[in-house]
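So you can see what is in the structure, the chains are spelled out below.
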Amino acid sequence: MNLALWIAAGLLAAVALAGGISKTFVPKEKLAAHSGGEWTGRASVGFVKTLGVLELLAAVGLILPAVLDIAPFMVPVTAVCWILLMIGAMITHGRLGQSKLVMLNLVYLLLAVFVAWGRFVLEPFTG
């Protein structure tokens, strides 16, 4: 179970890192021109960059606390925050009729539920 939780957290961290880098460093206009990024055309630059920074923090929070054994309880807390972020993403993509992206965000949400439940209940980190 521990290995499965590490794999799930690693996958989510990779997704968060990729999304965070693009939202933080790619110009909003370029994001809006790509499929799935249309929502950025209606959002402020500050909002898009804030989401990017939150995703970068999520990438860090899903892995580093456990690896460094510094506040490892932050891993499931970060997973819960990712769940909330994915609910917002699903609502946004749903409003734009992007059902494939809604389903992809649902997969990420379910992975985060698994990590949160697994690290809070099944296989918590003990220090």
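The structure presented is a predicted model; accordingly, all values stated were derived computationally and were not measured.

J.: Before we move on, can you summarise the side chain of T24 with the specific residues and values?
T.: If you trace the backbone, T24 turns up in helix α1 (residues 2-25). A relative accessible area of 12% places T24 in the buried class. Polar contacts involving the side chain of T24 include one to the main-chain amide nitrogen of V53, which spans 3.4 Å. Apart from the residues lying within four places of it in its own chain, the contact partners of T24 are K49, G52, V53 and L56.

J.: With reference to specific residues and values, describe the pattern of salt bridges.
T.: Evaluation of the coordinates by the stated rule reveals 1 salt bridge. The closest approach of N and O atoms between E55 and K23, which form a salt bridge, is 3.1 Å. Of this pair, E55 sits in helix α3 (residues 45-68) while K23 sits in helix α1, and the two are 32 residues apart along the sequence. Residue classification places E55 among the buried residues on the basis of a relative accessible area of 7%.

J.: Could you give an account of the packing of α1 against helix α5 (residues 99-122), with specific residues and numbers?
T.: It is at 9 Å that the axes of α1 and α5 come closest, and there the two elements cross at 135°. Taken together, α1 and α5 sit at an angle that is classed as oblique. Classified by chirality, the crossing of α5 by α1 is left-handed. Seen from α1, the contacting residues are N2, A4, L5, W6, A8, A9, L12 and V15; seen from α5, they are Y108, L111, A112, F114, V115, G118 and R119.

J.: I'd love a proper account of the side chain of K23, names of residues and values included.
T.: The class for K23 is buried, based on a relative accessible area of 17%. At 3.1 Å, the side chain of K23 and the side chain of E55 are in polar contact. Once residues within four sequence positions are removed from consideration, K23 is found in contact with L31, W39, V48, K49, L51, G52 and E55.

J.: Summarise the nonpolar core; cite the residues concerned and give the values.
T.: Among the nonpolar cores identified, the biggest contains 22 residues, and L12, W82, M86 and V115 are the most heavily contacted of them. Among the elements of the structure, α1, α3, α4 (74-95) and α5 are those that each provide at least two residues to this core. Residue contributions to this core peak at 7 residues, all from α4. Every residue in contact with M86, bar those within four places of it in the chain, is listed here: N105, Y108 and L109. Listed in part, the 5 residues of the second largest apolar core include L31, W39, A43 and V48.

What counts as what
- Residues numbered from 1 in each chain as written.
- Predicted model: local features only at pLDDT ≥ 70, side-chain atom pairs only at ≥ 80, totals over all residues.
- Heavy atoms only, no water.
- Helix = DSSP H or I, 4+ residues; strand = E, 2+ residues; numbered from the N terminus.
- Buried < 20%, exposed > 50% of the residue type's maximum accessible area, 1.4 Å probe, protein only.
- Polar contact = N/O pair within 3.5 Å; in protein donor to acceptor, adjacent residues only side chain to side chain.
- Contact = heavy atoms within 4.5 Å.
- Salt bridge = Lys/Arg side-chain N within 4 Å of Asp/Glu carboxyl O.
- Axes fitted to C-alpha atoms, helices over the stretch in contact; angles between N-to-C directions.
- Parallel < 35°, antiparallel > 145°, perpendicular 65-115°, else oblique.
- Left-handed = near helix turned anticlockwise from the far one by under 90°.
- Core = buried A, V, L, I, M, F, W, Y, C linked by side-chain atoms within 4.5 Å.

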